[in-house]
Amino acid sequence: MLAERDQRLAVRTARAMVQVSRCSVLLQLATAAFLGPAVSAKIPWWNIKIAQEQGPNACVVEEIPGTDYKYWTECKYWRNRDICGQKALIRYECCEGYQQVAGQQGCAGVKELKNILDTARDLGAGKFVSYIESSGLASELSKEGTYTLFAPLDEAFDDLGREQKARLENNRGNPQNPFLLYHLADRKLPSQQFRADLMIDTRYEGHKLRINKYSNGIETVNCAFIVRKDQEATNGVVHMVDSLLDPELTVSKDLADLVMQDGRFSELAKAMEQSGFVNRLKNSQQPCTILAPSDEAFQKIPQSRLEKIMNDKHAREALLENHVIPHPICLPAIIGEHKVRTLGAEKLKFDCDRKGTTVEEKRLRSDFLLGQNGVLYMLDDLLLPDRAKSIMQLAEQEQLFVFLQLVRSAGLEDAFENFGEYTVFAPSEAAMYALPPAQLQEMKTNKDKARSFVLYHATQGRIHTDQISDNQVVMSLDEQNPLRLQVYRKAIGVEDALIEKGDIEGMNGNIHIINKALTPSKISAGDILRRDGNFSIFLQAMERVMEKSPETLELQNPGTSYTFFVPTDQAFNRLGAARLERIMEDPTYLIKTIKNHVVENMIASESFKPDLYYDIQTRQDVVDVVRKNGKLKVNDATMTSCDILNTNGVIHVINKVLLPDQHIDG
C-alpha cells in the first residue's frame, strides 16, 4: 500500500511539474516584449502551492478589479503580473469541459458536449446567438458539421457605434447577414493552429479573418482580443472575443493604397510619393502596421522645420520608416511597455494605462482599418525619428541640459537648430557638473566663454564612429584648436574623453555624448615639464639624447600625438646617484631608457578598464598597463598624475623609471 501511494504521489508530482513547465514557458513569453526574447518568469512556490490546493482540472482566470478585463488561461500554474499598470488578480474556475461535483475536490465532472450555439450561449454570447437564431441559421449550426465560431461576449454590443448598430439591426433576420457569416468558418480551427498573421476564410464569401498570436500570450482575431479559446462543441470549436468583428473595417486593399485614397492623410501620401515609399510597401511581401499621422498632425510641426524634413531625402525617408512596423500590431497585445522596431533604425515604445494605449507617450486611437497586408491606425502626432530632428532637439532628447544652456548663452542655438552639418561632442550632464562650479557658472553668464567652450566641442560635417581612425585630427568650429581622435579597443576617444553614446544622427548633424568636458591644449609637453620644476632629470636626459641622436625623439609624423610616461625627479633619484650617473653617461642605454617612455599614439587613462592588462608598445619595449584598486600601473610604476594634455599629446606622471630590458650593473 505504501509503495502504491508513493507511486501515485510521484505520478501526481510529475503531472504537476509538466503543467508548471508549460505555463512557465507561457509566462516567460507573457512577461517579455511581445516581439523580443523571452525572459525568466519563474512561478513562485506559493502560487504553485495554492494551485495544487484547487484540485484537478482547475484553471486560472486573470482579472483586473474594477475593469472588464478577463483572460482565461487554461493553465493551473500562473503568477501575478501587471496589465497596463494595474495589478492583475488570479482566481480559479474549472478548465474547459469540466465542472464541479458535490463532495469532490476540484473539477471532477466532465461536461456534456453541446453544439457551437449552445456552447457560445453558455459562455456569455447570448445576444450574438439570438441574432443567429433570428436569421434562420440556427438549425444548420445546431446539427452536424464542423465549424469555428468567434463569438462576441454580450458586453461587446454595448460598445457599438450608432452606424454599426443600424447595420446590424437592418440585417436582423437575414440569413446572409454579413456580421454573422463573418464570425463563422467552415472548419474546426483550434488555437494550436494559430500563428502570426494567419488568414482564414469565413462564410462571408471573399472576406477573411486575420489571426495573430503574440509572445506575451495574447491572441487576436481582426485585432479583437480572444478572451477564451478552444471551447469544444459537438460540431466544432468556439473562441470567445471581446468585440464584434465588423467586415467593413476590413478593406481588400493594400495599406499604401488606403493611405493614398483616404483624404485624412494627404500630407503623408505626398511624402510617400516623393520618396517612392508607396512602391516599397507594395512590393514587400511582409504584413505591417502603419501608424498614419493625420494632416492635422503635420500641421503641428512648424512650417519651416517641416519643409526642411520634406526637402531632406534621408530625413523624409526616416520619418516614413518610423511610422511603419514590419508586422501587425493589435492593441490588445499591448499589456505593458514594449519597444518595437520600425522599418528604420529606431524602436517605438508602446505602453498602456487605464485610458488606453500610447506610442512614444502619444495617445493611440482605438479605431483602425484592416487592409490586405496589415493594420492602419491614425495618429494625431508625428513620431519624429532622430534623423528628422535638429541637433538642439537631439540634445534635449538626450537630456544634455547644461550643454544646451551654454549653447543658448553662446548665441549658437539658431545655428544648431537650422543650419549646417555638424558633429557635436557633447559632454554628458555628469561631465558638465564635474567641472569646477566657478568655471561652469562663468560660462553660463559670459557669452564669449560659453561660445569658446561650445565651438571647441564641435566640428564641421558628419563624422560617424565607424569613420574615425586612430590619431585622426579634425579642426573644431573655433578654427584654432584641433580635436584629436583615438580608436581604442571597444571605445573611441576624443582628447582625454571617451564617447559614451555615439552616432545620434539628426537632420543637421551628429551628436556623440562624451564623458568629459574638453579643454584645448595650447602648450607643448616640454614647456609643461619645465614649468613644473619636478622633471629636470627627465628633461636633461631628453636633451642629451637629442644631442647624441636627434632622430631618436623626432616627432616625425605631422598631426600625430604621443603618450609620454614621465618619471619625476624623485623617481630618478631612487635609482641611486651612482647608477643614475652611469645611465646618464651611457648614450646607448640612455636612448633606450628615454624611448621606453614614449608611445607613438595618444592614450588617455579613461581607455584602461579595471582589472584588464594592456600591452602597450613604446618606442623601445612593450610595457604592461593595468588598473587595480583605483590605481594605474605601468610595469611596476604607478601613475601619480594622468591626462596632462599638451600640443604633443598626453603626459602621465609615474613614480618609477621604466628601465628597458637591457640593464646595466647597479
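Whatever comes next refers back to the structure up there.
The model shown is predicted, which means the values in this text are computed figures rather than measured ones.

About the cut-offs
- Sequence order as written defines residue numbering, which begins from 1 separately in each chain.
- The predicted nature of this model means local features are confined to residues of pLDDT at least 70 and side-chain atom pairs, given and counted, to a pLDDT of 80 or more, with totals for whole chains, interfaces and linings taken over all residues.
- The basis for every side-chain value is the complete set of heavy atoms in the structure, and neither hydrogens nor water enter the calculation.
- The numbering of helices and of strands both runs from the N terminus, where a helix is a DSSP run of H or I of at least 4 residues and a strand a run of E of at least 2.
- This radius of gyration counts C-alpha atoms alone. The globule rule is 2.2 Å times how many residues there are, raised to the power 0.38.
- Exposure classes here rest on a 1.4 Å probe applied to the protein chains alone. A residue is buried below 20% of its type maximum, exposed above 50%, and partly exposed in between.
- In this analysis, two residues are considered to be in contact whenever any of their non-hydrogen atoms come within 4.5 Å of each other.
- Residue-level accessible areas treat just the shown protein chains as cover; the underlying method is Shrake-Rupley with a 1.4 Å probe.
- Residues scored as charged are limited to Lys and Arg (positive) and Asp and Glu (negative), so that His and the chain ends carry no count.
- A charged residue contributes its charge at one atom only: NZ of Lys, CZ of Arg, CG of Asp or CD of Glu.
- To form a nonpolar core, buried Ala, Val, Leu, Ile, Met, Phe, Trp, Tyr and Cys residues must be joined to one another through side-chain atoms within 4.5 Å.
- In the sections that follow, a salt bridge refers to a side-chain nitrogen of Lys or Arg positioned within 4 Å of a carboxyl oxygen of Asp or Glu.
- Convention adopted: a line fitted to C-alpha atoms gives each axis, helices being fitted over their contacting stretch, and angles between N-to-C directions are expressed from 0 to 180 degrees.
- Orientation categories follow fixed angle ranges, with anything under 35 degrees roughly parallel, anything over 145 roughly antiparallel, 65 to 115 roughly perpendicular, and all other angles oblique.
- Ten residue types, Ala, Val, Leu, Ile, Met, Phe, Trp, Tyr, Cys and Pro, are classed as nonpolar, four, Asp, Glu, Lys and Arg, as charged, and the remainder, Gly among them, as polar.

Student: Help me get a handle on the overall build of the protein, residues and values and all.
Tutor: For the protein, the helix and strand inventory stands at 24 helices and 36 strands. The C-alpha radius of gyration computed for the protein amounts to 36 Å, which surpasses the reference 26 Å derived for 666 residues by more than 25%, pointing to a less compact arrangement than a globule. Overall, the protein is about 115 × 80 × 45 Å in size when its C-alpha atoms are taken along their principal axes. Here the protein, with 666 residues, has 51% of them falling under the buried criterion. Sequence-distant contacts in the protein: of pairs separated by 6 or more residues, those separated by 24 or more amount to 64%. About 31,700 Å² of surface is accessible on the protein, with carbon and sulfur atoms providing 48% of the total. With 80 positive and 91 negative side-chain charges, the protein shows a separation of 4 Å between the mean positions of the two kinds.

Student: Can you lay out the nonpolar core for me, pointing to particular residues and giving the numbers?
Tutor: Formed by 63 residues in total, the largest nonpolar core has its most connected members in Ile116, Leu149, Leu291 and Phe350. Counting residues per element, this core draws most heavily on helix H4 (residues 126-135), at four residues.

Student: Can you explain the pattern of salt bridges? Please cite residues and give values.
Tutor: If you walk through the whole model with that rule in mind, you get 47 salt bridges. The salt bridge involving Glu53 is made with Lys49; its shortest N-O contact spans 2.8 Å. Taken together, the residues Glu53 and Lys49, both in helix H2 (residues 45-53) and four residues apart, mark about one turn of the helix. Judged by relative accessible area, Glu53 falls into the partly exposed class, the value being 46%. Using a relative accessible area of 44% as the deciding quantity, one classes Lys49 as partly exposed.

Student: Which residues make up the packing of helix H18 (residues 437-445) against helix H19 (residues 447-456), and what are the values?
Tutor: Running from N to C, H18 and H19 cross one another at 105°; their axes reach a closest spacing of 5 Å. With respect to H19, the axis of H18 lies roughly perpendicular. For the pair formed by H18 and H19, the contact residues are Glu442, Met443 and Thr445 on the first element and Lys447, Lys449, Ala450 and Phe453 on the second. Counted by class, the contact of H18 with H19 contains three nonpolar, one polar and three charged residues.

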